[in-house]
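Fold and contact review
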Amino acid sequence: MKVKTFQGDTMADALDQVKRQFGRGAVILTTRTLTRGGLLGIGGKPFVEITAARDLADLPPALRRGTVRARLDRAPPRRALSPPAPRSVSDDAPSVADPSGHALLAEVGALRTMMVDLMGETRRTNAPRLPEHLFAAYRHLVTQAVSDELAYEMVTGVREKLGDAGLCDPLAVHAELAAMLAPMIPTSGAIQIPPGVKPFVLAFVGPTGVGKTTTIAKLAANFCLREDRSVGLVTIDTYRIAAVEQLRTYAEIIDVPLEVATTPAELGEAVRRLSGCDVILIDTAGRSQRDAAKISQLQEFFATVRPHEVHLVLSSTSAQGVLDEAIDRFRGIGLDRVAFTKLDEALGFGVVLNSVVKAKVKLSYVTVGQDVPNDIEVGDGAALARRILIAPDGGVPRAARIIAPLPSKTSSGVRHGAALVP
């Protein structure tokens, strides 16, 4: 047979079969990590499938273009960064070389697939004490960007709670993980203005490009339209002219005053001019978490107004290392809450869990799109736990696939939680 598919419990098993059948000069066409059975990636048994040919001469000309010839005596080393997403056999379309002549893209794609599968096999080797069905849950959590340490802590906790016999029930595992996840995500609820406090001053800080200005506009609109509060806006982001104009546009649309301050003294004067407002929202310039001098400048600004709450705004599309560094740097100015933006663009929701655990502050809001005043939700640990645990189509989840509007006030109000598409 010129082209053959091999299946094994591990990548090593499948490669051994290819070597025995076709020798070390075999041509690897595709590699896939799949699962049999289970529910939502939990309880299924993973296996590896490799499609290979003995030689390029055995392939039709159309398939030779873009095909990766992987000599098995020069296989890439097994170094893991993240595991592959488990996929159902029935849902996974066969991957073949691009017959249209896009050779480079096909080659990159095939190499990436092989590397991801090897990464997943290494991760399985690094967690030998987990039963196979529990490892599927662990791999799902890591695929959702939950840190290795938290994922391993969670699945071992599930094992202690259910016992090895109980782990055979994927629904029980799923329910236990959900019950464990929600309390790990402390939330503050919607911003509450204490009676007799006027104005209530809120400051928003964070790295560049995370969406602070848009988040402030959403909150300002909701305070005005939903809570009938008087709102004042202040920006000290004078480094970007476009940022001031963006906030000015929002201020004009919702008919609220805007002040611009360039020094700590001017900030104090701006807050005093807006003292008749119920709430004042302060927009700050994006600071690189590595620019300690500019972050320390924020302390000088805040010393003049002493905000009642400081919200650190982070993007869920950022790498975990970038988020961790931002938390460490901004912690020095005093953080009360953390808000996450761009959940609609996130490849995994575990970064939110990792960050609130590291920051030791409560999650206030998440944003799920660019629409103002919509696309903002009050932080909800149970809703985020569901997002982490549900992977539509057996692949890496996108927020847009699992977030559905609630029937409550979504046209002018902050959504509390999120509904899940069944």
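Heads up: the structure comes first, above all this text.
Described in the following lines is the structure provided in the data block.

What counts and how
Residues numbered from 1 in each chain as written. Predicted model: local features only at pLDDT ≥ 70, side-chain atom pairs only at ≥ 80, totals over all residues. Heavy atoms only, no water. Helix = DSSP H or I, 4+ residues; strand = E, 2+ residues; numbered from the N terminus. Expected span 1.5 Å × (residues − 1). Buried < 20%, exposed > 50% of the residue type's maximum accessible area, 1.4 Å probe, protein only. Arc of directions from axis to C-beta. Polar contact = N/O pair within 3.5 Å; in protein donor to acceptor, adjacent residues only side chain to side chain. Disulfide = S-S within 2.5 Å. Pairing = 2+ DSSP bridges. Right-handed = clockwise from strand over helix to strand, strands pointing away.

Comments concerning helix α1 (residues 11-22)
Spanning 12 residues, α1 covers 16 Å between terminal C-alpha atoms, matching the ideal 16 Å at 1.5 Å per step. Along α1, the residues classified as buried are M11, A14, L15, V18 and F22. One side of α1 holds all its buried residues, which, seen down the axis, span an arc of 100°. Of the residues that open α1, the one with a side-chain oxygen 3.1 Å from the backbone nitrogen of D13 is T10. Looking one or two places after α1, you find G23, whose phi comes out positive at around 85°.

Here's the deal with the state of the cysteines
This model, assessed by the stated rule, comprises zero disulfides. Here C277 is not cross-linked by a disulfide; its sulfur's nearest cysteine counterpart is in C224, at 8.9 Å. On the accessibility criterion, C277 (9% relative accessible area) is buried.

What to know about helix α9 (residues 264-273)
Listed as buried for α9 are L267, G268, A270 and V271. Taken around the axis of α9, the buried residues stretch over an arc of 160°, which confines them to a single face. Across α9 from its buried face, at more than 90 degrees, point the exposed residues A265, R272 and R273.

Looking at the pairing of strand β10 (residues 362-367)
In terms of burial, β10 is largely enclosed, as five of its six residues are buried. Summarising the sheet, strand β9 (residues 337-341) and β10 pair through three bridges and their orientation is parallel. Residue pairing for β10: V338 is matched across the bridge by L363. For the crossover from β9 across helix α12 (residues 350-359) to β10, the handedness is right-handed. Sheet topology places β10 next to strand β11 (residues 376-378); three bridges connect them, and they run antiparallel. Along β11, the bridge assignment pairs T367 with I376.

It is worth stressing that arrangement in space is one thing and function is another; only the former is reported here.
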